[in-house]
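Structural description and commentary
Read off the chains here:
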Amino acid sequence: MKKIICTVTNDLNYDQRMIRICSTLADAGYDVTLVGRKKPDSRALKKQNFHQKRMKLYFLKGKAFYLEYNIRLFFYLLFHRFDMVSSVDLDSILPGVLVGKLKGKKVAYDAHEYFAELPEVVNRKAVQSIWQKVANFCIPKVDFAYTVCSSLADIFKKDFKKEFGVVRNVPFKKNTPEDQRIPLDEKNTVILYQGALNDGRGIEQMIAAMEYLEDVELRLIGEGDLSDDLRAMVAEKHLSHKVKFLGYVLPDDLPKHTRAAHIGINLLENKGLNYYYSLANKAFDYIQAGKPSLHMDFPEYRKLNEQFDVFLLLQSLDPKEIAAAIQKLKDDKNLYKKLSENCRKAAGTLHWENEAKTLISMYEQHLPVQ
């Protein structure tokens, strides 16, 4: 059986995309191992149909973390057998390319992010330069590459003279019975954000928008670099009765929270090309649950909305504009119903079972199962 090692720098329990990818490859007949990190607060790994390995590191963030992780990953790959290494993003690609080429094995690159254009990187020119050098050295050497949307695929092709396939961040198909769907409730409208509480996600502006809304509750699922600051902001603005922090939620438990909401949010600041050309998995999670959602008027969301009409697109992150969009969905029942019905129609197309065919085709082209 052909063995694939996939590498990431995060905890494994919450990485929905990698759980989908690794389980799909395992179902296709590959022996798959997903390698990541173990944090001090990491939960026990959930059993999957693929192997999982988390490395416990001394350094938890910053340059020391990336250096330690890459050194540890280099020796892990060096002393473990594999037929292909699939490196996810630039922060795990260097060991994959070095060891893969040293052993004469296949190397894939799975670009979830435009890493050199992340908000925490783009304004730190020295750091950005390092990641750009890693990209220029490694990406041309991989056997094949893919990313999450066509906009990023076009940019990467131009920058690195290499074709990039597209495997979108769509969820497994979920059939929600009509009697389990949550109708819009004017007296208790639930707004949901699911994802990392990090810089550039528009969460501060969403919290500020809550000052202009009544009978609305904002639920935040996830944690991140801004967790403490956001909780302090909510306390300072006396919004604890309107804003609830639900912390980390396992992927298997996430759909019930999405179904229990009325409106989803995904409000990104234009802090670099990574966010501007993003196509987040939460957008598809909202669609699959039949929930209208708010997004910025960025290219990928605009294209998707032109095809399916499932979003309200915002021109700015002004809290009053955000509040006005939410109020519009609360007040205009026909609009809410139309978007919700369009979500349910789009869900029949935008699901992982369709996207998985593209993924398997790419891997079998470069590493046949038999």
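The following paragraphs examine the structure supplied in this document.

1. Describing a nonpolar patch on the surface
A cluster of nonpolar side chains, Leu67, Ile71, Phe75 and Phe79, forms an exposed patch at the surface whose accessible area comes to about 450 Å². Mapped onto the fold, Phe75 is located in helix H2 (residues 62-78).

2. Let's talk about the layout of surface pockets
By volume, the second largest pocket is sized at about 370 Å³. The wall of the second largest pocket is formed by 21 residues, among which Gln16, Lys174, Pro251, Asp252 and Pro255 lie closest to the centre. Contributing elements (two or more residues each) for the lining of the second largest pocket: helix H1 (16-27), helix H9 (254-259) and helix H11 (281-288). Considering each element in turn, the lining of the second largest pocket owes the most residues, four residues, to H9. Here the residues of the lining of the second largest pocket sort into eight nonpolar, seven polar and six charged.

3. Focus on the packing of aromatic side chains
Under the criterion given, the structure shown has 17 aromatic pairs. Relative to Phe156, the ring of Tyr114 has its centre 5.3 Å away and its plane inclined at 75°; by these criteria the two rings are edge-to-face. With Tyr114 in the loop between strand E5 (106-111) and helix H4 (119-122) and Phe156 in helix H6 (residues 150-160), this pair connects stretches of sequence that are 42 residues apart. Pair check on accessibility: Tyr114 and Phe156 agree, each one buried. Taken together, the ring pairs connect Tyr109, Tyr114, Phe156, Phe160 and Phe164 into an aromatic cluster. Between Arg20 and the ring centre of Trp352, over which it is positioned, the NZ or CZ distance is 5.6 Å. One residue, Lys141, lies across the ring of Phe137, its end atom 4.0 Å from the ring centre.

Parameters at a glance
Residues numbered from 1 in each chain as written. Predicted model: local features only at pLDDT ≥ 70, side-chain atom pairs only at ≥ 80, totals over all residues. Heavy atoms only, no water. Patch = residues over 30% accessible without salt bridge, like charges linked within 9 Å, V, L, I, M, F, W, Y side chains within 5 Å. Areas by Shrake-Rupley, 256 points an atom, 1.4 Å probe, with all protein chains shown as cover. Salt bridge = Lys/Arg side-chain N within 4 Å of Asp/Glu carboxyl O. Helix = DSSP H or I, 4+ residues; strand = E, 2+ residues; numbered from the N terminus. 1 Å grid on protein atoms, 1.4 Å probe; cavity = no way out; pocket = protein on both sides within 12 Å on 5 of 7 lines; lining within 4 Å. Points joined across faces, edges and corners; volume = space filled by probe spheres on them. Nonpolar A, V, L, I, M, F, W, Y, C, P; charged D, E, K, R; others polar. Phe/Tyr/Trp six-rings, centres within 6.5 Å; stacked < 30°, edge-to-face > 60°. Buried < 20%, exposed > 50% of the residue type's maximum accessible area, 1.4 Å probe, protein only. Lys NZ or Arg CZ within 6 Å of the ring centre and 35° of its normal.

These values are about where atoms sit, not about what they do.
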